[in-house]
Amino acid sequence: MAIETQWVLDDEHLTRLCDAWRQLPFVALDTEFMRVDTFYPIAGLIQVGDGCCAYLIDPLRISDWSAFCGLLEDERVTKVLHACSEDLEVLLRLTGSLPSPLFDTQLAAGYLNIGFSMGYSRLVQAVLGIELPKGETRSDWLQRPLSEMQVRYAAEDAQHLAELYLALLPRLDSSKRAWILEDGEELVANLRRHSDPLEAYREVKQAWRLKPQQLAVLRALTAWRESEARTRNQPRNRILREASLWPLARTQPKDLVALARIEDMHPRTVRQDGETILALIGEAAASDAATWPAPLPEPLPLEAGGLLKKLRAVGQREAERLDIAPELMLRKKSLEALIKSGYPQGPYRLPDSLRGWRRELMGQALLDVMEHKQ
């Protein structure tokens, strides 16, 4: 059955529709974008579904997003998306706003124990019994006109996402509905939190092996890479490859020949930014020791693996009781942070990353495991 589709090609039409959408209990949202050689995604299409019609908003034709921002931020209208982290980036970059409240159907599938991290097509098949055509996600969404297949694919996404929401919602009790919205709120908050380029060094693999002076070099390199990626709108690895960061900080080459020998160092990087990289290394290496970062904590020892298993079991038991996909319960990072908060003797404290309903339901049980770990 053909899906009713409506193109939105000017500001006035979008404003009228946003006024109408704000009278609804929910709208389904999806985005198509390109991100091949850029740091930021480039929006190619925004889809809105209300259950009756699929609206295709052409971002190349819209200049005033204020009415759409009003819709995104209207707390009375639930915004329904699927596996939405990249969609959120697109919306923030394009409009400056993020959806609230946010209901992610991939999370809902996990809360109903249908499956964890399910792809959109699989979930539509499982819940609605509809076989979707093979994805057009890799096609060029900035070309005009879009192909017939692209338009069909985009319209089906918006339509079936609305149907999916209407099918999943009645199956969720009030607690699970609230938890999905809570998780949605956290996704939005994490994206709003502007990551500090000076903290990027903490995420580099094996950074904990470096001494404070080497960490100072790593911090300078990762901060420069992050800032340049944003300024030039290029992927981080185009500026300086991930695998080069650690050896650069450890060996601290002094000239272009030594720089070119660094593992995974791209010749283009040496050519374009070699002198800058050497200057950054030299300056950070010679900086005052009082400004160097503190050593990073070591990974947990192997013997802590058994402890991690016991903590995971708390989540497993709760998942079974609530009939939720166990992977949704406790994040490994939170459990590791709990162990690190007092390993090996204690006392232990719950990490800030364990919050909301998870902290409420499982926090004390986790602390009990740590207290009686011997």
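Per an unreviewed UniProt entry, the protein chain goes by Ribonuclease D and derives from Stutzerimonas balearica DSM 6083. Per UniProt, the protein chain carries the Subcellular location (unreviewed entry) text "Cytoplasm". As recorded by UniProt, the Catalytic activity (unreviewed entry) comment attached to the protein chain reads in full: "Exonucleolytic cleavage that removes extra residues from the 3'-terminus of tRNA to produce 5'-mononucleotides."

Turning to unusual backbone geometry, a few remarks are in order. Both trends apply: most residues other than glycine have a negative phi, and most peptide bonds are in trans. The omega angle of the peptide bond from S100 to P101 is -10 degrees, so this bond is cis rather than trans. With an omega of 0 degrees, the peptide bond running from R144 to P145 counts as cis. Position of P145 among the secondary structure elements: in the loop between α5 (120-128) and α6 (148-168). Of note, S117 is a non-glycine position whose phi angle comes to about 55 degrees, a positive value. Topologically, S117 is positioned in the loop between α4 (105-111) and α5. A relative accessible area of 46% means that S117 is categorised as partly exposed. Even without being a glycine, D323 presents a positive backbone phi close to 60 degrees. Considering the arrangement of structural elements, one finds D323 in the loop between α13 (305-322) and α14 (332-340).

Analysis parameters
Residues numbered from 1 in each chain as written. Predicted model: local features only at pLDDT ≥ 70, side-chain atom pairs only at ≥ 80, totals over all residues. Heavy atoms only, no water. UniProt positions renumbered as here; feature names shortened; annotations may be inferred. Helix = DSSP H or I, 4+ residues; strand = E, 2+ residues; numbered from the N terminus. Buried < 20%, exposed > 50% of the residue type's maximum accessible area, 1.4 Å probe, protein only.

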